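# Analysis of the macromolecular model
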Amino acid sequence: MDAVAESVIRLGGRVTGRFVQRRGNSGNKKGNAPGGRRNTDRPYSRRTLMSTGKIREIAKARAQHQAEAVVFYNELTDHQRIVLAEIIGCAVFSRHDL
């Protein structure tokens, strides 16, 4: 992620936040519910790459900072890029686009 941030800065951008989609780490307050652990082996969303909650979190931060673009570390399909741009409200790139 540091290399992506350096690329953004080198291109004249400003990094205002970093988000990581963690899987297999959640559980209830007592720690005995399977939570996200049961999803560890499942593929990421074909539609958005990340969970709905994480995408909402990114969209909220984007709006707060009035960011004009969001850069994902992972490679994105054209469909994911379109869906994410619509949900997040700005241009969406992957590190490969930089």
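Here we summarise the structure given alongside this text. Remember, predicted model here, so these are calculated numbers, not experimental data. The numbering scheme is per chain: residues are counted from 1 as the chain's sequence reads. In keeping with the predicted nature of the model, local features appear solely for residues at pLDDT of at least 70, side-chain atom pairs appear and are counted solely at 80 or more, and the whole-chain, interface and lining totals rest on all residues. Excluded from the side-chain calculation are hydrogens and water; included are all heavy atoms of the structure.

### Thoughts on unusual backbone geometry
Unlike most non-glycine residues, L49 shows phi in positive territory, near 70 degrees. The numbering of helices and of strands both runs from the N terminus, where a helix is a DSSP run of H or I of at least 4 residues and a strand a run of E of at least 2. Tracing the chain through its elements places L49 in the loop between α1 (2-10) and α2 (52-65). Here the term buried applies to any residue with accessible area under 20% of the maximum for its type, exposed to any over 50%, and partly exposed to those in between, with areas from a 1.4 Å probe on protein chains only. When its relative accessible area of 10% is taken as the criterion, L49 is described as buried. With a phi angle near 55 degrees, Q66 is a residue other than glycine that sits in the positive phi range. With respect to the helices, strands and loops of the structure, Q66 is situated in the loop between α2 and β1 (69-72).

### Overview of helix α3 (residues 78-88)
Residues of α3 that are buried: Q80, V83, L84 and I88. The arc enclosing the buried residues of α3, seen along the axis, measures out at 115 degrees, which places them on a common side. In α3, the exposed residues that point more than 90 degrees away from the buried face are D78, I82 and E86. The contact rule is simple, with two residues in contact once any of their heavy atoms fall within 4.5 Å. Next to the buried residues of α3 lie α2, β1 and β2 (91-94). It is the directions from the helix axis to the C-beta atoms whose arc is reported.

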